[in-house]
Amino acid sequence: MAVVAAFDPKKESPERVGLTFRPAREPREETETDAVGRRPRDLVDRPDMFGQWGKPMRAAVGVDPADAAFIAANVQHWVANAIREEVAMERSNLASVLPSLDPTSPEVTFERVARLRRGEIPMTLTDLLVWSRRFGSVRDIVTSTLADAPHAASRLSPPSDGGMGPVISTGRTGRRDD
């Protein structure tokens, strides 16, 4: 009978295995930006448009498009855009929507959500849970991103032909009549 070793933090500390697991990549020097963390908007080519349009972003100069942080920033951009569109479709505003969230969290404040939507701070699983429960379009983005084969409307990288790809939208058309 074989014995499977459990995770041993003493044997697998950063001092023993290096600061970052990077298979088949050359180790790189840690920079000041790494110490503070990268803002999602700094990883995309159009930081001023973060969360403001429904198209995938390209990687900023010097950012590897295969970098998980870039892919996560792009997903955050799509989620931020979907939130913006959904709130607009309800003819509402973010401050009015926040009290209606279920479930909610003490961390989901107006200021923090505004910073998430601008890409100044990264989204957390809590944010994704809260917004996925509120808006189906956010749930669709999250589930298609985590699925084995994302559909075309949420591709993880820009198309190879150099175009900007499909417009990512809530899928709603027309105005809602009250």
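For the structure, see preceding data.
Just so it is clear, the model here is predicted, and its values are computed rather than measured.

What counts as what
Residues numbered from 1 in each chain as written. Predicted model: local features only at pLDDT ≥ 70, side-chain atom pairs only at ≥ 80, totals over all residues. Heavy atoms only, no water. Helix = DSSP H or I, 4+ residues; strand = E, 2+ residues; numbered from the N terminus. Areas by Shrake-Rupley, 256 points an atom, 1.4 Å probe, with all protein chains shown as cover. Buried < 20%, exposed > 50% of the residue type's maximum accessible area, 1.4 Å probe, protein only. Phe/Tyr/Trp six-rings, centres within 6.5 Å; stacked < 30°, edge-to-face > 60°. Lys NZ or Arg CZ within 6 Å of the ring centre and 35° of its normal. Lys, Arg positive; Asp, Glu negative; His and termini not counted. Salt bridge = Lys/Arg side-chain N within 4 Å of Asp/Glu carboxyl O. Contact = heavy atoms within 4.5 Å.

(A) Structural context of the overall build of the chain. Assigned secondary structure in the chain consists of seven helices and zero strands. Overall, the chain shows an N-to-C arrangement of helices and strands of α-α-α-α-α-α-α. When the accessible surface of the chain is split by element, carbon and sulfur atoms take 55% of a total near 11500 Å².

(B) Looking closely at unusual backbone geometry. The omega torsion across D102 and P103 is 5 degrees, close enough to zero to call that bond cis. Position of P103 among the secondary structure elements: in the loop between α4 (94–97) and α5 (110–118). For R91, which is not glycine, the phi dihedral falls at a positive 55 degrees. Considering the arrangement of structural elements, one finds R91 in the loop between α3 (68–89) and α4. We classify R91 as partly exposed; its relative accessible area is 45%.

(C) Summary view of the packing of aromatic side chains. Scanning the model with the defined rule gives one aromatic pair in all. Their ring planes at 10 degrees and their centres at 5.9 Å tell us that W131 and F135 sit as a pair that is stacked. There is no split in this pair, since W131 and F135 are both buried. The residue whose ring lies beneath R46 is W53, and the NZ or CZ to ring-centre distance is 5.1 Å.

(D) Examining the environment of L129 more closely. By secondary structure assignment, the location of L129 is in helix α6 (residues 125–134). Look at L129 and you get partly exposed, because its relative accessible area is 46%. Once the C-alpha coordinates of L129 and P103 are considered, the two residues, 26 residues apart in sequence, prove to be 8.1 Å apart.

(E) Inspection of the side chain of R117 at higher detail. For R117, the position within the fold is in helix α5. Although buried, R117 forms no salt bridge, and the nearest oppositely charged side chain, E85, lies 11 Å from it. If we skip the residues at most four places from it in the chain, R117 touches F50, G51, A80, I83, R84 and L94.

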